[in-house]
Structure formats: C-alpha cells, structure tokens
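Notes for the structure review
Residues per chain are reported as follows:
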Amino acid sequence: MSHKHFEGNLDGQNLNIGIIVGQYNQDITDNLLQGAVEQLESYGASQITIYKVPGIFEIPLVAQKLAREHKHDGLIALGCVIKGKTDHYEMINEHLISGLTKIILDFSIPIAFEVIAAHSRDVALERSDMDKINIGREAATAVVKTVRLLKQL
C-alpha cells in the first residue's frame, strides 16, 4: 500500500501576503503586526502589504475585497477585543469568524486569523508580548504553511 503525504513548509519566497490589522487596542495590535511581519520576513516572504482598519468588524469586508481581486497568496487577520461590561465582544468575534470562514471557502484563499478575545487587558498584553507568546508570529507560520500546502494539491 502506498501513502502520499502533503505538508506545507516555511518557504516564504515569492509569496505575497496581505495583513489586515484592526486598530482598536492599537498598542496590542501593533505588537501582533510586528510579530507577523518579522516572522514572514524570516521565512523570506517577498511581498508583505499591510491594511489597517478601524476595528475588528471591518476585517472581513477588506479580506473579501482582497480575496476577490486575487491580490495575495494568503492573508493574515489580526486584532484584539477585550471584554467589557457587555457581551459585545462575543458578537464581534462571531461576525469575524463566520465572515472569514465564508471568504476562505468561497475564494479558496488561506486566511490565518489571530484575534485576541480576552477577558482582561493583561491577558491581551501577554498574548501579544514580543518576548513571549506573540500570536502574530503564529498567524504568519500558519498562512505560509497553508499556502505552500495548497500549492502542492
């Protein structure tokens, strides 16, 4: 019996990656963006374009336009929502996840989304810390590996 094995790699050469980043909680999202860009550069990504939107809610609209225009091999969506006194952050996150999932499937484009949905600012800061866990880096790894895997299929 023969087995075929497909797995993406971390070769970012000749890849064009778009990063959509929400500006709400900008100190945190700036760290996520820095982590993603540094990671993509370490993989040799040849073109990185950054799109800044006011908040999380706008990310799917920009992602849809970019996916429709086939501008990029893959996209990264970054943002941060911190729970306040209401459940508004849950509604925003549900909108983001359902919107990006639809775009991924409709346009067959990899979108790595790392949006911090935290119960406190301290947790959000920890997840974006450049010296610890920075989920922007994780998003960069996920998108490059997924783009490379799709190119094999």
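Presented here is an overview of the structure given in this document. (Residues numbered from 1 in each chain as written. Predicted model: local features only at pLDDT ≥ 70, side-chain atom pairs only at ≥ 80, totals over all residues. Heavy atoms only, no water.)

Our focus in this paragraph is the packing of helix H1 (residues 26-42) against helix H4 (residues 121-128). At a minimum axis distance of 9 Å, the contact between H1 and H4 shows a crossing angle of 20°. Taken as axis vectors, H1 and H4 run roughly parallel relative to one another. The way H1 lies across H4 gives a crossing that is left-handed. Counted together, Asp-27, Ile-28, Asn-31 and Leu-32 of H1 and Arg-121, Ala-124, Leu-125, Arg-127 and Ser-128 of H4 form the full contact between these two elements. (Axes fitted to C-alpha atoms, helices over the stretch in contact; angles between N-to-C directions. Helix = DSSP H or I, 4+ residues; strand = E, 2+ residues; numbered from the N terminus. Parallel < 35°, antiparallel > 145°, perpendicular 65-115°, else oblique. Left-handed = near helix turned anticlockwise from the far one by under 90°. Contact = heavy atoms within 4.5 Å.)

As a further point, take the pattern of salt bridges. On inspection of all chains with the given rule, the structure shows six salt bridges. Residues Arg-121 and Asp-27 are paired through a salt bridge, measuring 2.3 Å at the closest nitrogen-oxygen approach. Residue Arg-121 is found in helix H4, and its partner Asp-27 is found in helix H1; the two are separated by 94 residues along the sequence. Overall, Asp-27 belongs to the partly exposed group, its relative accessible area being 39%. A salt bridge links Lys-102 to Asp-106, with the nearest nitrogen and oxygen atoms 2.5 Å apart. With a gap of four residues between them, Lys-102 and Asp-106 both fall in helix H3 (residues 88-107), about one helical turn apart. Take Lys-102: its relative accessible area is 52%, and that puts it in the exposed class. Several salt bridges share partner residues, and in doing so they unite Lys-65, Glu-69 and Lys-71 into one network. (Salt bridge = Lys/Arg side-chain N within 4 Å of Asp/Glu carboxyl O. Buried < 20%, exposed > 50% of the residue type's maximum accessible area, 1.4 Å probe, protein only.)

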